[in-house]
Amino acid sequence: TQQSIKAYIDNETVFTKSFVSSDQTFPSNRTVLSVAHSLGVVPKIIQVFAKMTASTGGYASGDFVLLGTQDATGQGQYVVYCSSTHVKFLFNSAAKITAVDGNNSRVTLSSSNCSIVLKAFA
């Protein structure tokens, strides 16, 4: 989880550099979002967050949702990868997250309800 990674980073000197991007526009289908990270090495950990910009599915505007490589339906809808200079996010098809409003529904992510924030640790 985000909290366990933060606790690990706070208590260890394994990571000496970190990067957090500014809010990025959620990409359109089959588009690579590429952000320069300036760490100078390939990061050991990379993360992608949907930063909610609208209240929906029980999420409030400003909430961060950690994205994995599969969406709420178990489909591989996005890929996160990196180089020594960039963190990249490839979105393919409809990315969905589980709603937290108790209705057992899903929220489709798009530029109308979220932005993307990329993080990297080296």
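Located above this text is the structure these notes cover.
Residues numbered from 1 in each chain as written. Predicted model: local features only at pLDDT ≥ 70, side-chain atom pairs only at ≥ 80, totals over all residues. Heavy atoms only, no water.

This paragraph deals with the sheet that holds strand β7 (residues 86-91). By way of backbone hydrogen bonds, the strands of a sheet pair with one another, either parallel or antiparallel. One open sheet accounts for three strands, arranged β3-β7-β6; its pairing is antiparallel. The open sheet has two free edges, formed respectively by β3 (31-36) and β6 (78-82), since each of these has just one partner strand. In this sheet, adjacent strand axes meet at a mean angle of 15° when their direction is disregarded. (Pairing = 2+ DSSP bridges. Helix = DSSP H or I, 4+ residues; strand = E, 2+ residues; numbered from the N terminus. Axes fitted to C-alpha atoms, helices over the stretch in contact; angles between N-to-C directions.)

Our next topic: the nonpolar core. Residues M52, L67, F89, I97, L109, I116 and L118 are the most contacted members of the largest nonpolar core, which totals 25 residues. Secondary-structure elements contributing two or more residues to this core are β3, β4 (45-52), β5 (64-67), β7 and β10 (114-121). The dominant element in this core, judged by the number of residues it contributes, is β10, at four residues. Ignoring any residue separated from it by four or fewer positions in sequence, one finds I116 in contact with S21, S22, D23, Q24, F26, P27, L33, V48, F49, A50, L67 and F89. (Core = buried A, V, L, I, M, F, W, Y, C linked by side-chain atoms within 4.5 Å. Buried < 20%, exposed > 50% of the residue type's maximum accessible area, 1.4 Å probe, protein only. Contact = heavy atoms within 4.5 Å.)

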